[in-house]
6 protein chains.
Amino acid sequence: MKIAVFPGSFDPITRGHEALVNRALTLFDKIIVAIGVNANKNYLFSLDTRKKAISQSFGNHPKIEVDHYSCLTIDYCREMNANFILRGLRTSADFNFERSISQMNQAMNRNIETVFLMTEPELSAINSSIVRDIIRNGGNAQPFLPGKLDIKELDRLV
Amino acid sequence: MKIAVFPGSFDPITRGHEALVNRALTLFDKIIVAIGVNANKNYLFSLDTRKKAISQSFGNHPKIEVDHYSCLTIDYCREMNANFILRGLRTSADFNFERSISQMNQAMNRNIETVFLMTEPELSAINSSIVRDIIRNGGNAQPFLPGKLDIKELDRLV
Amino acid sequence: MKIAVFPGSFDPITRGHEALVNRALTLFDKIIVAIGVNANKNYLFSLDTRKKAISQSFGNHPKIEVDHYSCLTIDYCREMNANFILRGLRTSADFNFERSISQMNQAMNRNIETVFLMTEPELSAINSSIVRDIIRNGGNAQPFLPGKLDIKELDRLV
Amino acid sequence: MKIAVFPGSFDPITRGHEALVNRALTLFDKIIVAIGVNANKNYLFSLDTRKKAISQSFGNHPKIEVDHYSCLTIDYCREMNANFILRGLRTSADFNFERSISQMNQAMNRNIETVFLMTEPELSAINSSIVRDIIRNGGNAQPFLPGKLDIKELDRLV
Amino acid sequence: MKIAVFPGSFDPITRGHEALVNRALTLFDKIIVAIGVNANKNYLFSLDTRKKAISQSFGNHPKIEVDHYSCLTIDYCREMNANFILRGLRTSADFNFERSISQMNQAMNRNIETVFLMTEPELSAINSSIVRDIIRNGGNAQPFLPGKLDIKELDRLV
Amino acid sequence: MKIAVFPGSFDPITRGHEALVNRALTLFDKIIVAIGVNANKNYLFSLDTRKKAISQSFGNHPKIEVDHYSCLTIDYCREMNANFILRGLRTSADFNFERSISQMNQAMNRNIETVFLMTEPELSAINSSIVRDIIRNGGNAQPFLPGKLDIKELDRLV
């Protein structure tokens, strides 16, 4: 059974994340959308809100699970019997950072492979930190969020 | 009438910003140099000091206005009847970030176009955060500041 | 009067070129879509076919002209009384090349400014050389060509 | 059954290609290493030599096939019932080009997904055109070639 | 006498830093590994711990000194009679930042030249901030640290 | 004795090459400006013209030699007892290519180190292929050529 972890902050989940997971369903038997919790980071939405938003976006798809973890991603993968990490690539700036992380992960655990898909062109501009900026400034972020997700239901933390 | 907003932190305005606005005067009838105020960010110079520094740099040019705003840039543009956002590009790192912002702005408002000029080679190394670092460490930042701006008159905040 | 030259090979014109010119019409009074002829280069379509394809794409728009030239772009601009060169930016690879050319042009003639717009996300993958590859291999390039352009009417050279 | 096509010139196959295919075996049930034949391109090694070199490198692995094609890659995939294209990413220069190709492929055929793995750090400098340059100049290219491939057996064309 | 300063945070020193200094020994008569102290930054390891880790890594090599400074790097160089700054380059993201800093340093002091070496491929993924992340999460960072450095001896601050 | 080879096509030598060599004189005891001859490449200027142009640019500087070679660069270095290769970096596009070459050179010969300097900002746009384009089109390339080099004396080949 091919299990992939799709790690991220998902603060909040965007249309870009949603499309990537849906496309990757042809590759894997199960995809765990997993929120990495970093005690030193400030989030706009609570962990609970972010998990609900992810669940709502995928509408109980049988092959998609939602979870969170607070250890190294490769340790979490091992715990979940996942041999794959799924990541999307949008720009060459993403690329350099993602390459470093995936190569260090591989140096620590040869059995976990990071698999990349290119973000679709029309979603490649969507950047979580700009989305948060729009929300903070009262702009309309709906075009950047998953279709099934109603932004008004989200409890805003900050 | 073609009005452009040139948004930024201008903490402080540099010789790079100055040259860009001067070159863009052939394209636009009015350029508003507009300080975007972000409540979560720490600045080296106060808003008032930054506005005075911009005014001093352009010496009351009839086509240049100085202002500030604390909403989304596209909402500020609409309020000012500006159909254009002006931005400079220095490096490929700039490029990726500027592209995301301009494409998300366009997704939210099709009527506002972001126009880019390449920074001149001899100014392309000037980076506001490095300028602040020089000032904090007591170095001579004058070569990186507009010719009409006297750094000694600036009130240093931090 | 603000005149811009939009230089390129247009071998053939793509949906990306078309959208860029249409967006730039708010900035300029006239845009000359100008095919730069390079004697050392092999083209897929003849100069004549490429000019007809451009004309057909813009359907006799009163502010758009089609032309060709075989000298330096800045010399052609001066001849046409154009103070602006229009270029689109898709990727950071484009960026480095376009910056070199625009900066060398500016070193040769300070009065001609290159103005850049970012290609829209859904068109940013369109690359003329890949389009030619699709045509050469008998694929369907229509989705990458301007809506008004019928690919079957183009005389294929190679 | 998950079938992937790994397209390329393989002129010649390198240690980088070899490692990538071996790592991807956990993802796919069959990988077709397929030489794309481009009539306009000059190769250092003949098609036959390149195919033998690939076969020798993988030593008749039951899940790996070697083939060639001279149409569009997505048309070849459809013909082979392959829903995946496998590609490696070494540098941000690769990234921009690979993104364009994969996005145009997806625009032409939504059912074929391109899957990327990052080249391992110690192999990321290996570049086919530099390898050919070394061979042409009589240097020792063995460290950059698959372990099972004996460079002396290759018939050199140019 | 050719003296180079190798400036950085070294929080902590990595195998990448170690290899770079060792390779640069053929170029310089003395290399000062110098910790730049920034009052606004939070570090994982104390200044003292970082200095000890550097010393231990190079085992009292006669041409390598360890020091710290809290002024501009070029002012520190002048004080130490160093005409060279040594820096490593790993990725194109590094490149853009390093270029800005080196060019601004040169604008302030023409006599100090920044010399770059490329990080070796197998070390190019090593990124201090990812190393800190591994340490904070209890992972094994030893493969990324200098061979002579025992991570267990380091006093962890945060 | 520290000897560096500065390899290139120098078709023709530019102000960028000239400045780089002059800055590197503080690092090396001798710099050999060496034209790499590639039988498969077409040049604008003859080998002889290119060598004279380099000599004229440096005006018989005692530490600078001019030469050419037609083998691998690392083999030429060994023959000349040079332990260093000197290269300039202008853009992130340069970076990716230079990194591959320097890393493959190091894989073949650990004793030869490639040393990089950043091109000065005002020279970073100068690109040999654009310079050739200007010359071919009858433009004024003098601003991009070394001060001591008179372009009219060069015999133009193509």
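Right above here is the structure, for reference.
First, a word on scope: everything that follows refers to the structure included in this document.

Definitions and limits used
- Residues numbered from 1 in each chain as written.
- Chains lettered and ligands numbered in written order.
- Predicted model: local features only at pLDDT ≥ 70, side-chain atom pairs only at ≥ 80, totals over all residues.
- Heavy atoms only, no water.
- Helix = DSSP H or I, 4+ residues; strand = E, 2+ residues; numbered from the N terminus.
- Rg over C-alpha atoms; globule rule 2.2 N^0.38 Å.
- Buried < 20%, exposed > 50% of the residue type's maximum accessible area, 1.4 Å probe, protein only.
- Least-squares fit on C-alpha atoms with pLDDT ≥ 70 in both.
- Contact = heavy atoms within 4.5 Å.
- Buried area = accessible area lost by both parts, 1.4 Å probe.
- Salt bridge = Lys/Arg side-chain N within 4 Å of Asp/Glu carboxyl O.
- Polar contact = N/O pair within 3.5 Å; in protein donor to acceptor, adjacent residues only side chain to side chain.
- Lys, Arg positive; Asp, Glu negative; His and termini not counted.
- Phe/Tyr/Trp six-rings, centres within 6.5 Å; stacked < 30°, edge-to-face > 60°.
- Lys NZ or Arg CZ within 6 Å of the ring centre and 35° of its normal.
- Pairing = 2+ DSSP bridges.
- Axes fitted to C-alpha atoms, helices over the stretch in contact; angles between N-to-C directions.
- Parallel < 35°, antiparallel > 145°, perpendicular 65-115°, else oblique.
- Left-handed = near helix turned anticlockwise from the far one by under 90°.
- Right-handed = clockwise from strand over helix to strand, strands pointing away.
- Core = buried A, V, L, I, M, F, W, Y, C linked by side-chain atoms within 4.5 Å.

Okay, the overall build of chain A next. Counting its regular elements, chain A contains 5 helices and 5 strands. Here the C-alpha atoms of chain A give a radius of gyration of 15 Å, agreeing with the 15 Å that 2.2 N^0.38 yields for 158 residues. For chain A, the C-alpha atoms occupy an extent of roughly 45 × 35 × 35 Å along the three principal directions. Of all 158 residues assigned to chain A, the portion counted as buried reaches 58%.

Superposition of chain D onto chain A requires a rotation of 180° combined with a translation of 0.0 Å along the rotation axis, giving an RMSD of 0.0 Å. This pairing of chains is accounted for by a two-fold axis. Take the interface residues of chain D: 100% of them recur as interface residues in chain A, which is what a same-surface contact looks like.

To continue, consider the interface of chain D and chain A. Of the residues lining the interface, 28 residues belong to chain D; the matching set on chain A comes to 28 residues. On the chain D side of the contact with chain A, L27(D), F95(D) and M118(D) bury the most area, a combined 25% of that side's loss. Put simply, chain D and chain A have 4 salt bridges between them. Where chain D packs against chain A, one counts 9 residue pairs in polar contact (both at pLDDT 80 or more). Breaking the side of chain D that touches chain A down by element, the ones donating at least two residues are β4 (84–89), α4 (92–108) and β5 (113–118) of chain D.

On to the side chain of E18(B), then. Residues and elements named next belong to chain B. Note that E18 resides in helix α1 (residues 15–24). One buried charged residue, E18, forms no salt bridge at all, with the nearest opposite charge on R15 at 5.4 Å. With sequence-adjacent residues up to four places away left out, E18 is seen in contact with S57, F58, P146 and G147.

With that out of the way, let us pick up helix α5 (residues 128–136) of chain C. Turning to α5(C), its buried residues number three or more, namely I130(C), V131(C), R132(C), I134(C) and I135(C). Tucked inside the fold, the buried residues of α5(C) contact α4 of chain D. Two or three places before S129(C), at the opening of α5(C), N127(C) has a side-chain oxygen 3.1 Å from that residue's backbone nitrogen.

Here we take up unusual backbone geometry. Cis geometry is found at the peptide bond from D11(D) to P12(D), where omega equals 0°. For P12(D), the position within the fold is in the loop between β1 (3–8) and α1 (15–24). One non-glycine residue, N81(E), lies in the positive phi region at around 60°. Judged by its relative accessible area of 58%, N81(E) is exposed.

Glancing now at the packing of aromatic side chains. In the structure shown here, the tally under the stated rule is 21 aromatic pairs over all chains. Centre to centre, the rings of Y69(E) and Y76(E) are 4.5 Å apart; their planes meet at 15°, and the pair counts as stacked. The exposure classification of Y69(E) matches that of Y76(E), with both residues buried. The side chain of R50(B) reaches across the aromatic face of Y43(B), ending 3.9 Å from its centre.

Turning our eyes to something else, we now look at the environment of V131(D). Within the secondary structure, V131(D) sits in helix α5 (residues 128–136). Distance in space between the C-alpha atoms of V131(D) and M118(D) is 20 Å, their sequence separation being 13 residues. Those residues in contact with V131(D), other than ones at most four positions away along the chain, are P12(D), T14(D), I126(D), A141(D), F144(D), L145(D) and M104(F).

Residues and elements named next belong to chain D. Most of β4 sits inside the fold, with 5 of its 6 residues counted as buried. Bridge analysis of β1 against β4 gives 2 bridges, and the strand direction is parallel. Note on β4: the bridge partner recorded for A4 is F84. The pairing of β4 with β5 spans 6 bridges and is parallel.

Our focus in this paragraph is helix α1 (residues 15–24) of chain A. Residues and elements named next belong to chain A. In terms of residue burial, α1 counts as a mostly covered element, since 8 of its 10 residues are buried. All buried positions along α1 are accounted for by G16, H17, E18, A19, L20, V21, R23 and A24. The opening residue of α1 is T14, an N-cap whose side-chain oxygen sits 3.1 Å from the backbone nitrogen of G16.

Counted according to the given criterion, the structure contains 54 salt bridges over all chains. When the shortest N-O distance is used, the salt bridge between E98(A) and R87(A) registers 2.5 Å. Of the two residues, E98(A) is situated in helix α4 (residues 92–108) and R87(A) in strand β4 (residues 84–89); the sequence distance between them amounts to 11 residues. The buried category is assigned to E98(A), whose relative accessible area is 7%. Two residues, E113(B) and R23(C), come together in a salt bridge whose shortest N-O distance is 2.5 Å. With E113(B) in strand β5 (residues 113–118) and R23(C) in helix α1 (residues 15–24), this pair bridges two chains. Each member of the pair, E113(B) together with R23(C), is buried.

Our focus in this paragraph is the packing of α4(A) against α4(D). Interaxial distance between α4(A) and α4(D) falls to 9 Å at its minimum, and their mutual angle equals 125°. The angle between the axes of α4(A) and α4(D) places the two elements in the oblique class. By crossing handedness, the relation of α4(A) to α4(D) is classed as right-handed. On the side of α4(A), the interface is formed by S92(A), F95(A) and N96(A), while α4(D) contributes S92(D), F95(D) and N96(D).

Before going further, it helps to examine the pairing of β5(D). Where burial is concerned, most of β5(D) is hidden: 6 out of the 6 residues are buried. In this view, the connection linking β4(D) to its parallel neighbour β5(D) by way of α4(D) has right-handed handedness.

The subject of this paragraph is the nonpolar core. Within the largest apolar cluster, 98 residues are counted, with the highest numbers of intra-cluster contacts made by F28(B), L86(B), F28(C) and L86(C). Among the nonpolar cores identified, the runner-up in size contains 97 residues, and I32(A), I32(C), L117(E) and V115(F) belong to it.

Residues and elements named next belong to chain C. Residue placement: D94 occurs in helix α4 (residues 92–108). By relative accessible area, which is 14% here, D94 ends up buried. Those residues in contact with D94 that lie beyond four places of it in its chain are G88 and L89.

So yeah, pure geometry; function would need other evidence.
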